[in-house]
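This is what each chain is made of:
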Amino acid sequence: MVGGGQLARMTHEAGIPLGIDFRLLSDTPQDSAALVVRDPVIGDYRDFDTLRDFASKCDVITFDHEHVPLEHLRALRAEGVVIRPGPDALEHARDKGVMRARLSALGVPCPRHRIVADPADVARFAAEIAGGSAAHPAGEVGANTAGKRGDPGDLAVPVILKTVRGGYDGKGVWVVRTAEEAREPFRAGVPVLAEEKVPFVRELAANVVRSPHGQAVAYPVVESVQVDGVCDTVIAPAPELPEERALDAQALALRIAAELDVVGHLAVELFETADGRVLVNELAMRPHNSGHWSREGAVTSQFANHLRAVLDLPLGDPRPRAPWTVMANVLGGDYPDMYRGYLHCMARDPGLCVSMYGKEVKPGRKVGHVTAYGSDLAEVRERARHAADYLRGTITE
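Residues numbered from 1 in each chain as written. Predicted model: local features only at pLDDT ≥ 70, side-chain atom pairs only at ≥ 80, totals over all residues. Heavy atoms only, no water.

K.L.:
Honestly, helix α5 (residues 96–105) in this entry has me stumped. Any pointers?
P.N.:
Listing the buried residues of α5 in full gives K96, G97, M99, R100 and L103. All buried residues of α5 lie within an arc of 160° about the axis, which places them on one face of the element. Buried residues along α5 sit in contact with α4 (87–94), β3 (113–116), β4 (154–163), β6 (192–196), α8 (243–259) and β12 (278–284). Two or three places before G97, at the start of α5, stands the capping residue D95, its side-chain oxygen 2.9 Å from that residue's backbone nitrogen. At the C-terminal side of α5, G107 shows a positive phi close to 80°. (Buried < 20%, exposed > 50% of the residue type's maximum accessible area, 1.4 Å probe, protein only. Helix = DSSP H or I, 4+ residues; strand = E, 2+ residues; numbered from the N terminus. Arc of directions from axis to C-beta. Contact = heavy atoms within 4.5 Å. Polar contact = N/O pair within 3.5 Å; in protein donor to acceptor, adjacent residues only side chain to side chain.)

Structure representation (structure tokens):
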């Protein structure tokens, strides 16, 4: 696995019962997975020779992030290296512009969008969105009209701007209302994607896993609660989601996985709108935060099924073990001694599952998560939320 974060750490753990010889290419010895994997290779995944040497000692390569240069992966594939998911699929998770164009061509419902050239182009896009009807089909709006520069002032409607590459956990994403606010994204020096600000009622995620020979499984659609652009809580299954809508979301994710030839885990992040539509927001082709609940809450976790898929083993059962599972992320705060927090949390709730990533505690950084499951949603949610807040130091009793 290329990348030494917590996703690699938990994927490695899932491979231990299967006797998998798990090799790791990590940026530093202090990375989450490098602390627990035997003999990690420390090196720069952006360096082709480093990547090539690492791949030469592996049967198959997979990833815990989308940032490996695609030209390196295509060169390795041409040399016979097995890469799952492949670079052609990964391009849709690595580049939001490519992803939006492909999904729109497939007729997949997405927010209206366009690659924009400058703040004036953002203003024109906002005007087009404001002038469109609610029945306007999701997809690409207008054309890029670079060259007509100026200061458009206030935008007709707020717009979401995203750098097409490199963003995560709210980074590389801006909500802009004026031309002045729209200037910041262009300073990154990469193309900028403008999207309509969708009036959604909540965010959902459909997680699926697909093997090389086309076997696929779908986990229950979950509700993902975001705070300041960072996943805070995941509820499985999504409460009060009509069965037909849940099945449609699962079918959509399975279709995307097949159309893009994804091998491994695919997370499809979704907006649910007030009028009952579901729009695709983002794709991730690796284990994903919205699937962490499955580590204890499903018969087969996303991590185990990702490994099974990339190794072309039969996939495991994705069904939940209990009616409700809630995962809450533990973010770093001003209380660095997480270990002492265990005494309170474990004594208060013996059924709580605590997963810490071995990271240095920094304010706002994901350093772990907690999972609770049971038959009463309100109780399960309170258990998970209390533990996450106590470990962070937000509450003290």
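K.L.:
Is there a simple way to think about the packing of helix α1 (residues 6–15) against helix α10 (residues 302–310) in this case?
P.N.:
A pair of packed helices is characterised by two quantities: the angle between their axes and the separation of those axes. Where α1 contacts α10, the two axes come as close as 8 Å, and the packing angle between them is 75°. Relative to α10, α1 is oriented roughly perpendicular. Touching L7, M10, T11, A14 and G15 of α1 are F303, A304 and L307, all from α10. When the residues that make up the contact of α1 with α10 are grouped by side-chain class, the tally is 6 nonpolar, 2 polar and no charged. (Axes fitted to C-alpha atoms, helices over the stretch in contact; angles between N-to-C directions. Parallel < 35°, antiparallel > 145°, perpendicular 65-115°, else oblique. Nonpolar A, V, L, I, M, F, W, Y, C, P; charged D, E, K, R; others polar.)

K.L.:
Help me understand the side chain of D95 in this model?
P.N.:
In this structure, D95 sits in the loop between α4 and α5. Overall, the relative accessible area of 14% leaves D95 in the buried class. A polar atom in the side chain of D95 sits 3.0 Å from the backbone nitrogen of V98. Once you skip the residues sitting within four places of it in the chain, D95 turns out to touch V164 and R165.

K.L.:
What's the story with the packing of aromatic side chains in this structure? I'm lost.
P.N.:
What characterises a pair of aromatic rings is the spacing of the ring centres plus the angle enclosed by the ring planes. What the rule picks out here adds up to 3 aromatic pairs. Between Y219 and W293, the ring centres sit 6.2 Å apart and the planes meet at 90°, which makes this aromatic pair edge-to-face. With Y219 in the loop between β8 (216–218) and β9 (222–227) and W293 in the loop between β12 and α9 (294–297), this pair connects stretches of sequence that are 74 residues apart. Pair check on accessibility: Y219 and W293 agree, each one buried. A cation over a ring is seen here: R46 above Y45, with NZ or CZ 5.5 Å from the ring centre. (Phe/Tyr/Trp six-rings, centres within 6.5 Å; stacked < 30°, edge-to-face > 60°. Lys NZ or Arg CZ within 6 Å of the ring centre and 35° of its normal.)

K.L.:
Please clarify how the environment of D53 should be interpreted in this entry.
P.N.:
Note that D53 resides in helix α2 (residues 48–55). The exposure class of D53 is partly exposed, given its relative accessible area of 45%. Measuring from C-alpha to C-alpha, the distance between D53 and Q302 comes to 28 Å, with 249 residues separating the pair along the chain. One polar contact links D53 to K57, side chain to side chain, over a distance of 3.1 Å.

K.L.:
Hey, could you run me through α1 in this one?
P.N.:
Residue pairs spaced three or four apart in an α-helix point in one direction, given the helix's 3.6 residues per turn. Where burial is concerned, most of α1 is hidden: 9 out of the 10 residues are buried. Looking only at α1, the buried set comprises Q6, L7, A8, R9, M10, T11, H12, A14 and G15. For α1, the elements touching its buried residues are α9, α10, β14 (353–356) and β15 (366–374).

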